[in-house]
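Structural description and commentary
Read off the chains here:
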Amino acid sequence: MKCRLLYLIGQLGAGGQERQLCYLLQAIDRKRYHPAVAVWSFREEDRYVSDIRALGVPLYSLGASDNIVGKLRAFRRLVGTLQPEVVHSYCFWTNVAACWGARNSQAVAIGSMRGGFPYEKDEFDPFVGNVNSFWPRNQIFNSLTAAENARRSKSPFVPRHVYVVRNALDLRRFSTVPVLNGRRIRILGIGSLVPVKR
């Protein structure tokens, strides 16, 4: 029997965590796992909607309104219908929603910290940052440094179990050029030089 996985993500626009979710869904062993994706703020025109559908992965919207209580109820109903073994929040600010949705079910809830700790937690108001850092008690980080910062934190609002799964990179997206002997090599890097990006 396939293990049922339900991923919860904030949206499917053109962002890094959304691309990482696509990479994961492309690589996942479909003989062993049956993934589905719930989207907190679903928009049909978002960048990765068609990519995920092309993979044959079911997509679920939690409703068009901004009513948080309504979305939490819709997510809990979805968990009850799909009965996943794992509910995995794929972005930090949906961590507590994944935990709440998995409550009173057989599912294991897993959270995500996809930025630096404590930067990600401090980006939100203190209450929201703290509850999403604390629940679910199991969280996956995409950086060894961020995981170490969480483990060393003196705050009571840290996950109990911290795991590291690094970001993937699809090398097929990049072309290669031969290096000519004797020519100077120039490397250009582009990135966001802000604390949350480490």
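A brief report on the enclosed structure follows. (Residues numbered from 1 in each chain as written. Predicted model: local features only at pLDDT ≥ 70, side-chain atom pairs only at ≥ 80, totals over all residues. Heavy atoms only, no water.)

Observations concerning the overall build of the protein
Secondary structure summary: the protein contains seven helices and seven strands in total. For the protein, the α and β elements follow one another from N to C terminus as β-α-β-α-β-α-β-α-β-α-α-β-α-β. Against the globule reference of 16 Å for 198 residues, the protein gives a C-alpha radius of gyration of 18 Å, in line with a compact fold. A total of 198 residues make up the protein; the buried ones form 40% of that total. When contacts within the protein are restricted to residue pairs at least 6 apart in sequence, long-range pairs at least 24 apart make up 64% of them. Within the structure as shown, the protein displays about 12300 Å² of accessible surface, and the carbon and sulfur contribution to it stands at 55%. Where the 29 positive side-chain charges of the protein centre and where its 14 negative ones centre are 6 Å apart. (Helix = DSSP H or I, 4+ residues; strand = E, 2+ residues; numbered from the N terminus. Rg over C-alpha atoms; globule rule 2.2 N^0.38 Å. Buried < 20%, exposed > 50% of the residue type's maximum accessible area, 1.4 Å probe, protein only. Contact = heavy atoms within 4.5 Å. Areas by Shrake-Rupley, 256 points an atom, 1.4 Å probe, with all protein chains shown as cover. Lys, Arg positive; Asp, Glu negative; His and termini not counted. Charge placed at Lys NZ, Arg CZ, Asp CG, Glu CD.)

Here we look at the pattern of salt bridges
Tallying each qualifying case throughout the model produces eight salt bridges. For Arg4, the salt bridge identified is with Glu85, shortest N-O distance 3.2 Å. With a gap of 81 residues between them, Arg4 in strand E1 (residues 3-9) and Glu85 in the loop between helix H3 (68-82) and strand E4 (86-89) connect regions that are remote in the sequence. With a shortest N-O distance of 2.9 Å, Arg172 and Asp170 are connected by a salt bridge. The network of salt bridges with common partners includes Arg43, Glu45 and Asp46. (Salt bridge = Lys/Arg side-chain N within 4 Å of Asp/Glu carboxyl O.)

What to know about the packing of aromatic side chains
Enumeration according to the criterion identifies four aromatic pairs in this entry. Their ring planes at 85° and their centres at 6.2 Å tell us that Trp40 and Trp93 sit as a pair that is edge-to-face. With a gap of 53 residues between them, Trp40 in the loop between strand E2 (33-39) and helix H2 (49-54) and Trp93 in the loop between E4 and helix H4 (95-102) connect regions that are remote in the sequence. Among the aromatic side chains, those forming a connected cluster through ring pairs are Phe134, Trp135 and Phe157. The aromatic ring of Tyr48 is capped on one face by Arg47, whose charged end is 4.4 Å from the ring centroid. One cation-aromatic arrangement involves Arg76 over Trp100; the distance from NZ or CZ to the ring centre is 3.7 Å. (Phe/Tyr/Trp six-rings, centres within 6.5 Å; stacked < 30°, edge-to-face > 60°. Lys NZ or Arg CZ within 6 Å of the ring centre and 35° of its normal.)

Points about the side chain of Asp46
Among the structural elements, Asp46 can be located in the loop between E2 and H2. Relative accessible area serves as the criterion here: at 8%, Asp46 is assigned to the buried category. Here the side chain of Asp46 touches Arg43 through a polar contact of 2.9 Å, side chain to side chain. In this structure Asp46 touches Gln11, Leu12, Gly13 and Ser41, once residues within four positions along its chain are discounted. (Polar contact = N/O pair within 3.5 Å; in protein donor to acceptor, adjacent residues only side chain to side chain.)

So, a nonpolar patch on the surface
Among the surface-exposed residues, Leu169, Leu171 and Phe174 lie close enough to one another that they form a single nonpolar patch of about 360 Å² accessible area. Along the chain, Leu169 turns up in the segment after strand E7 (161-164). For Leu169, a relative accessible area of 58% gives the class exposed. (Patch = residues over 30% accessible without salt bridge, like charges linked within 9 Å, V, L, I, M, F, W, Y side chains within 5 Å.)

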